[in-house]
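Chains, contacts and geometry: an overview
The residues making up each chain are set out below.
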Amino acid sequence: MPGPAMQVKAVSAAPRTAAGVKQVPEVTKLIDVSVCIGCKACEVACQEWNDLPVDKIRSGALGTYQTLPDLEYNFWQLIKFNEVERDGRLLWTLTKYQCMHCKDPGCLRACPAPGAIVQYANGIVDFVQENCIGCQFCVTGCPFDVPRVSPTTGKVYKCTLCSDRVSAGLEPACVKACPTNAISFGTRQKMLAQAERRAQQLRADGYATAAVYNPPGVGGTNVIYVLPYGDSPEIYGLPRNPRVTFVNLWKGPLKWLGNTVLFGGILGAVLHYFRFGPHEVNGKGRPEDRGTAQ
Amino acid sequence: MEERREDLVLRYTMAERVVHWVVALTFLYLLLTGLALFWPPFFWLAGLFGGGPVIRVWHPIVGVVFIVALVVMFVMWARDMRFEPEDRTWLQHVREYATGATHAVPESGRFNAGQKLLFYLQFVAGILLLLSGVVLWFPLAFGRGLREASYIVHDLAAIAGMGALIVHIYMGVFVIKGSWEAMTRGSVSRRWAEVHHGRWYRALRGASSGPREWEPLRTPEGMGQG
């Protein structure tokens, strides 16, 4: 156990709050979209640090610089290159995309396997493959569409926010590799303040809608963005208002309906038996006698 | 109660019993493994069937077997399960039926209205479980909205099926004595047939005028008495 920052504070399929977790500052990664140049050094650093074999690049069909069409089980972060029209002009957005390390993670709440998804005291959400059963409930539980299943192991993988590096006091590999300081890493408080300052600066520079992307529908995220066009996160490939409504429905009313039917049904059957008992057909009586409960 | 052979009539053929038990056992497996995934306090059920990764692989495959058997069962019993005017009367007396005052309940055909409702409920639930289950099986092949809706549909259909199953097992195993034998050995006593499915029994008796009176007309060719 490398220290209090990596103590587990929430576990999938288990009571939500672990006892005895020390209060440590949460860590946050800040991505300033306005200074990203799309060099993909972060992608390479991620592949290299995490020992992920570099897949064959398959961007040709898309006609973009994007390395792959989407995230994959062995490709945990991807610069999305989007071409959109905005105010009658072509806008080319470059958005680093990876796990958002939600404060209230939909993946963790949807996961049925005890201990397969954990949240550390410092806010990092990590998958524990030994406990993963491959059901992929997290794939739907994640409103950002991040987890990916490996066809060979049947387990699900995603960005770890380099929890191994962070636990040793280092910054994530992508942060270290970024040549333009588009990616920053530090305590959540510091990063939020830095992001807000940068958004303010952008607004002063004429990006009237520049904003920080830290969606409240998932309790905020420990990966936040500064978006020059903050009023339309969709153009960066980010959901406007990510929510996990179906998990709430499932873990709330449906759970109670299921329990009521199961335990109520069994209890009802037992009580009915006590009160009315079985219906036996004895002897060879005449049809007029039929149906007398014994 | 020992019955003489001539007192017995065939209630379910060998084929009907096999299909019923394929549906029953696969559904039970699906229910128990599904509960393990539905609610963490039931995750221990996964251990009974080989652990989480194993049930993740087998739950959908067994589900396909369940659906195939369910469809066969539907076709097999569709005729006997058609609603008749008498079923309406039966349902009006369902309270008496449930409280043992069965003298007030009108006679049933081969299946009573309760059995018919259960049959259709399980069939509809099964189809919904299939449709939503395919989405959960291959989540990345479907859009987000459809996937999220499928969880809700899968859960609701499973809960409905579970409720129906509890009633069915309770009735078949504990309340209606003789049902278990009907669905395992295949036969019931004449008296049982007369009491529980009077119209069916009379039709049977009216139709079987051969010398071996215990052998009902409904026995299909090649099927034994069980």
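One can find the structure itself at the top, above this paragraph.
None of the values given here were measured: they were computed from a predicted structure.

What counts and what doesn't
- Residues numbered from 1 in each chain as written.
- Chains lettered and ligands numbered in written order.
- Predicted model: local features only at pLDDT ≥ 70, side-chain atom pairs only at ≥ 80, totals over all residues.
- Pairing = 2+ DSSP bridges.
- Helix = DSSP H or I, 4+ residues; strand = E, 2+ residues; numbered from the N terminus.
- Axes fitted to C-alpha atoms, helices over the stretch in contact; angles between N-to-C directions.
- Contact = placed C-beta atoms within 7 Å.
- Expected span 1.5 Å × (residues − 1).
- Buried ≥ 20, exposed ≤ 12 C-beta atoms within 10 Å, placed from the backbone.
- Nonpolar A, V, L, I, M, F, W, Y, C, P; charged D, E, K, R; others polar.

Observations regarding the sheet that holds strand β2 (residues 27–32) of chain A
Residues and elements named next belong to chain A. With respect to topology, four strands assemble into an open sheet ordered β9-β2-β11-β10, the strand pairing being mixed. Strands at the two margins of the open sheet, each flanked by one partner only, are β9 (183–187) and β10 (211–213). With strand direction ignored, the average angle separating the axes of adjacent strands in the sheet is 25°. Relative to β9, β2 runs antiparallel, the two sharing five bridges. Note that in β9 the partner of L30 across the bridge is S184. In the packing of helix α6 (residues 188–204) onto the sheet, contacts are made with β2, β9, β10 and β11 (223–227), and the angle to β9 comes to roughly 140°.

Details of helix α7 (residues 245–276) of chain A
Each α-helix winds once per 3.6 residues, and so residues spaced three or four apart point in a common direction. The terminal C-alpha atoms of α7 of chain A, which comprises 32 residues, lie 43 Å apart, in line with the 46 Å expected from a rise of 1.5 Å per residue. Restricting attention to buried positions, one finds in α7 of chain A the residues F246, V247, W250, L254 and G258 of chain A. On its buried face, α7 of chain A sits against α2 (106–110) and α3 (137–141) of chain A together with α1 (14–38) and α7 (144–175) of chain B. A positive phi of about 70° marks G277 of chain A, the residue just after α7 of chain A.

Topic: the interface of chain A and chain B
Contacts between the two partners involve 35 residues from chain A and, on the opposite side, 35 residues from chain B. Ranked by residues supplied to the side of chain A that touches chain B, first place goes to α7 of chain A with 14 residues. Per-class residue counts for the side of chain A that touches chain B are 23 nonpolar, eight polar and four charged.

Description of the pairing of β2 of chain A
Residues in a regular strand point their side chains to alternate faces of the sheet. Residue and element names in this part refer to chain A. The element β2 is extensively covered by neighbouring structure, given that six of its six residues are classed as buried. Burial along β2 is two-sided: V27, K29 and I31 and T28, L30 and D32, pointing in opposite directions, are all buried. Across four bridges, β2 lies against β11 in parallel orientation. Each residue of the ladder has a partner; that of D32, found in β11, is V226.

This is a description of form; function is not addressed.
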